[in-house]
Amino acid sequence: MAVERTPVVEVRRSERRRRTVAAYREGERVVILIPSQFSRAEETAWVDKMLARLEAKDKRGVRSDSALMARAHQLATRYLGDYDDAAIPAGVRWVTNQRGRWGSCSPDDRTIRLSERLRDMPIWVSDYVLVHELAHLIEPNHSAAFWRLVARYPKTERARGFLEGVAAVAGTPYAED
Ligand SMILES: [Zn+2]
């Protein structure tokens, strides 16, 4: 069971600092540098803000391009392992310019792109999109054979429903590709 730990925060006031605030990790602690003239209220507000920023940064690291590539390898081995290297992409990355699509695959150069919007969704949803795109490396079209491959991922229907719901709420027709 994971225990949520709040980091030990050490606030250092600096005469040299004017308006800028900085934060970094030092072992188990988080050190936050603030200008010496900050009030207690400003200090509290900035500590919260900087902790949130550090946490967001950590989260991006966990779901980086290299982490995504590693995940694609895992999923390809687990669900499409009988195809050996045919299901292993040459590259996988997050993209922002993926309007109207959750993911895409170029079978020619064997690269996969996933919309950054999936980063904030549960891992089983982005896993589904990855499996979907990996299956395109084997079956380029949305054929019955393609869907049989995708169905090997047990949360396929749940994830498709989730994505449909997100698109409906956003009012944007997001399509699988
Ligand atoms: Zn597709």
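Residues numbered from 1 in each chain as written. Predicted model: local features only at pLDDT ≥ 70, side-chain atom pairs only at ≥ 80, totals over all residues. Heavy atoms only, no water.

Draft legend 1. Highlighting the environment of Lys-155. By the element assignment, Lys-155 lies in the loop between α4 (144-150) and α5 (156-170). Separated by 32 residues in sequence, Lys-155 and Ile-123 place their C-alpha atoms 11 Å apart. (Helix = DSSP H or I, 4+ residues; strand = E, 2+ residues; numbered from the N terminus.)

Draft legend 2. Summary view of the packing of helix α2 (residues 65-80) against helix α3 (residues 123-138). Taken N-terminus to C-terminus, the directions of α2 and α3 make an angle of 65 degrees; their axes are 9 Å apart at the nearest point. Comparing the axis directions of α2 and α3 gives the class roughly perpendicular. Crossing angle aside, the handedness with which α2 passes α3 is right-handed. Residues Leu-68, Arg-71, Ala-72, Leu-75, Ala-76, Tyr-79 and Leu-80 of α2 form the contact with α3, whose participating residues are Ile-123, Asp-127, Leu-130, Val-131, Leu-134, Ala-135 and Ile-138. Classifying every residue of the contact of α2 with α3 by side-chain character gives 12 nonpolar, no polar and 2 charged. (Axes fitted to C-alpha atoms, helices over the stretch in contact; angles between N-to-C directions. Parallel < 35°, antiparallel > 145°, perpendicular 65-115°, else oblique. Left-handed = near helix turned anticlockwise from the far one by under 90°. Contact = heavy atoms within 4.5 Å. Nonpolar A, V, L, I, M, F, W, Y, C, P; charged D, E, K, R; others polar.)

Draft legend 3. Representation of unusual backbone geometry. One non-glycine residue, Asp-84, lies in the positive phi region at around 50 degrees. With respect to the helices and strands, the residue Asp-84 is situated in the loop between α2 and β4 (91-95). Looking at Asp-84, the relative accessible area reads 58%, which means it is exposed. (Buried < 20%, exposed > 50% of the residue type's maximum accessible area, 1.4 Å probe, protein only.)

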